[in-house]
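Here is what each chain is made of, one letter per residue.
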Amino acid sequence: MLNRNGFQLVPLQSPKVREFLKLPEKKLLEEMRVVTNRGIVFGGADAIVELAKAIPVLKPFYVFTRLPGIMPILRAVYRYIARNRICDNGACEMPVLPHPARLRNWIVGLPLLILTIAAVVGGHTFPGWAYMWLICLALFFGCKWLVFFRALATLPRPGVLKSLGFLFGWIGMDAKAFFGDSEKATKPKPAEWLFASSKILLGAALVWMVTREIYPANPLLAGWTGMFGLILSLHFGFFELLALAWRSAGVNVLPLMLAPIKARTLGEFWGRRWNTGFHKLASDFAFRPALQFFGVRGATLTVFALSGLLHDFVLSVPARGGYGLPTAYFLIQGAGVLFERTPFARRWIGGRGGRSWLFTMIVTAAPAFWLFHPPFVRNVMIPFLKTLNAV
């Protein structure tokens, strides 16, 4: 692949390279380097990114690295690996195998890495909407595998059917609740089934009726309308019906969307009501690890920053535009959560009253234009709506 794209692989120890770089021996072997035909040198993680920029099949990875905050992470990971190698007589290797538990965690996490890379590399020639769904599915099943095997270490081993149900038949990531005490599951009422079904029908009407009428006059507004209809049908309707079905079977699960319009604070909105399926995942794999390094405020901002980068990956990369806007949206949400905890905010906005609810709705809705930005609507959502024969 390197040769086909105009690169030649040369050992760092070769006389030609030593003479060109003019570095001490220890510095010479610290990291890989890419030298362009103009004589510009890139080292470490930047060298990998420079290769990705020039090799077509790796171009999506290069685009991903342009998102805010990605390069510092890649450089830190590269330096960590470099520090933990032993290089004797010109050969480098990892010194010892990691602790068995740590090795097991790495192995369990491999499907997430492999699926994501496969989606990015394999889907970059697909239409934007197909590329988006491919990335979503890769992340979803990779995370499912991760939380499932983590749960096996602490919970009684579930049966095969229930395991398959969690992996392929449920959207949530809280394995402890899914495989926990079935007596906690409450039987759904008929009104709950009717309400969930009505949201599917209302969403479908927005997609296949309202969107079609708006599209000739304002394609961008039609795209947002159709997107809202799909979210209403899928996230608020179908996934709620799925939760009701599992509750009927004695499995204690929450709907993916737990009436977010009722949230009285931003903390309640993001922590308890919006996308409950991934709250546990964010808490276990982002907030708690960050807490010991950055404290509560730093860990909170870390979770929102990672959410932003993830949405940039899912929305901006397939759209091939709007990079950084979803990250900015989630940083605003994180700042809002921290602000409402201050004495000033408690005094002027209130704890859980009407002003607090209004503040929550404004902060979440007003900058949503950055989350679902115009490049995403034009390049991903509208072509998807055309595929569904909605416009």
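Our subject is the structure that appears above.
Residues numbered from 1 in each chain as written. Predicted model: local features only at pLDDT ≥ 70, side-chain atom pairs only at ≥ 80, totals over all residues. Heavy atoms only, no water.

**Considering the overall build of the protein**
In plain terms, the rule: Numbering of helices and strands starts at the N terminus; helices are DSSP runs of H or I of at least 4 residues and strands are runs of E of at least 2. Think of it in three bands: residues with accessible area under 20% of the maximum for their type are buried, residues over 50% are exposed, and the middle band is partly exposed, with areas taken using a 1.4 Å probe on protein chains only. We call two residues in contact when some of their heavy atoms are within 4.5 Å. Accessible surface area values rest on a Shrake-Rupley calculation with a 1.4 Å probe, where residue burial reflects the displayed protein chains alone. By the counting scheme adopted, Arg and Lys are positive, Glu and Asp are negative, and His together with the chain ends is not counted. We put the charge of a Lys on NZ, of an Arg on CZ, of an Asp on CG and of a Glu on CD.
Per the secondary structure count, the protein includes 18 helices and 4 strands. Burial analysis of the protein (391 residues in total) assigns 39% to the buried set. Relative to all contacts within the protein whose residues are 6 or more apart in sequence, the contacts with residues 24 or more apart total 60%. A total of about 22200 Å² of accessible surface is found on the protein, and carbon and sulfur atoms cover 68% of it. The average position of the 43 basic charges and that of the 18 acidic charges among the side chains of the protein differ by 5 Å.

**So, the environment of Leu12**
By secondary structure assignment, the location of Leu12 is in the segment before α1 (15-21). It is 43 Å that separates the C-alpha atoms of Leu12 and Asn379, two residues lying 367 residues apart in sequence.

**Quick word on helix α13 (residues 279-319)**
As a reminder of what qualifies: What a helix should span is 1.5 Å times the count of its residues minus one. Here the bend at each residue means the angle between axes fitted to two seven-residue stretches, the one ending at that residue and the one beginning there.
Here α13 spans only 26 Å end to end across 41 residues, well under the 60 Å set by a 1.5 Å rise per residue. Maximal helix bending in α13 amounts to about 130°, located at Phe294. In the stretch just after α13, Arg320 is the one whose phi turns positive, near 55°.

**Details of the packing of aromatic side chains**
Heads up, the condition is: Aromatic pairs are defined between Phe, Tyr and Trp rings, using the six-membered ring for Trp, whenever the two ring centres lie within 6.5 Å; interplanar angles under 30 degrees are classed as stacked, those over 60 as edge-to-face, and all others as tilted.
Here the structure, examined in full by the defined rule, presents 27 aromatic pairs. On the basis of an interplanar angle of 40° and a centroid distance of 6.1 Å, the ring pair of Phe372 and Phe376 is categorised as tilted. The class for Phe372 is partly exposed, based on a relative accessible area of 22%. Clustering of aromatic rings is evident, with ring pairs tying together Trp145, Phe148, Phe149, Phe166, Phe178, Phe179 and Trp246.

**Quick notes on the pattern of salt bridges**
For clarity, the cut-off: Take a side-chain nitrogen of Lys or Arg and a carboxyl oxygen of Asp or Glu: if they are within 4 Å of each other, that pair is a salt bridge.
Applying the stated criterion across every chain, the model contains 7 salt bridges. Here Glu192 makes a salt bridge to Arg247, at a shortest N to O gap of 3.1 Å. You can see Glu192 sitting in helix α10 (residues 190-214) and its partner Arg247 sitting in helix α11 (residues 219-248), a full 55 residues away along the chain. In this structure, the salt-bridge partner of Lys199 is Glu240, at a minimum N-O distance of 2.5 Å. Taken together, the residues span a long stretch of sequence, with Lys199 in helix α10 and Glu240 in helix α11 at a distance of 41 residues. By relative accessible area, Lys199 is classed as buried at 12%. Classification of Glu240 by relative accessible area gives buried; the value is 10%.

**Considerations on helix α18 (residues 374-387)**
Across its 14 residues, α18 extends 19 Å between first and last C-alpha, which sits within 8% of the 20 Å expected from 1.5 Å per residue. For α18, the principal kink sits at Met381 and spans about 30°; a proline, Pro383, occurs within the next four residues. Those residues of α18 that are buried lie in contact with α7 (128-152), α10, α11, α13 and α17 (368-371). Immediately downstream of α18, the backbone of Asn389 shows phi near 60°, a positive value.

**What to know about a nonpolar patch on the surface**
In plain terms, the rule: Here the term patch refers to residues with relative accessible area over 30% and no salt bridge, with like charges joined within 9 Å and nonpolar side chains (Val, Leu, Ile, Met, Phe, Trp, Tyr) within 5 Å.
Together, Ile73, Val77, Tyr80 and Ile81 make up a nonpolar patch on the protein surface, roughly 370 Å² of accessible area in all. On the basis of relative accessibility, which here comes to 46%, the residue Tyr80 falls in the partly exposed class.

**A few points about the side chain of Thr225**
Operational definition: Pairing of N or O atoms within 3.5 Å defines a polar contact, subject to two protein rules: one partner must be a possible hydrogen donor and the other a possible acceptor, and residues neighboring in sequence count only if both atoms are side-chain atoms.
For Thr225, the position within the fold is in helix α11. Residue classification places Thr225 among the buried positions, given a relative accessible area of 14%. Side-chain polar atoms of Thr225 contact the backbone oxygen of Leu221, separated by 2.8 Å. Those residues in contact with Thr225 that lie beyond four places of it in its chain are Leu206, Val210, Thr211 and Ile214.

**Observations regarding unusual backbone geometry**
For Lys22, which is not glycine, the phi torsion reads 50° and is therefore positive. Within the secondary structure layout, Lys22 lies in the loop between α1 and α2 (25-28). A positive phi angle, near 50°, is found at Ala259, a position not held by glycine. Along the chain, Ala259 turns up in the loop between α11 and α12 (266-273). On the basis of relative accessibility, which here comes to 30%, the residue Ala259 falls in the partly exposed class.

**A word on the nonpolar core**
Where we set the bar: Throughout, nonpolar core names a set of buried Ala, Val, Leu, Ile, Met, Phe, Trp, Tyr and Cys residues whose side chains join them through atoms within 4.5 Å.
In this structure, Ile135, Trp270 and Phe376 are the most contacted members of the largest nonpolar core, which totals 42 residues. Ranked by residues supplied to this core, first place goes to α18 with 7 residues. Setting aside its immediate chain neighbours within four residues, Trp270 contacts His279, Phe304, Tyr329, Phe330, Gln333, Val337 and Thr364. Counting residues in hydrophobic clusters, the runner-up holds 22 residues, among them Ala151, Phe178, Trp246 and Val253.

**Brief notes about the environment of Gly180**
Along the chain, Gly180 falls in the loop between α9 (175-178) and α10. Overall, Gly180 belongs to the partly exposed group, its relative accessible area being 29%. The sequence separation of Gly180 and Asn252 amounts to 72 residues, and the corresponding C-alpha distance is 7.4 Å.

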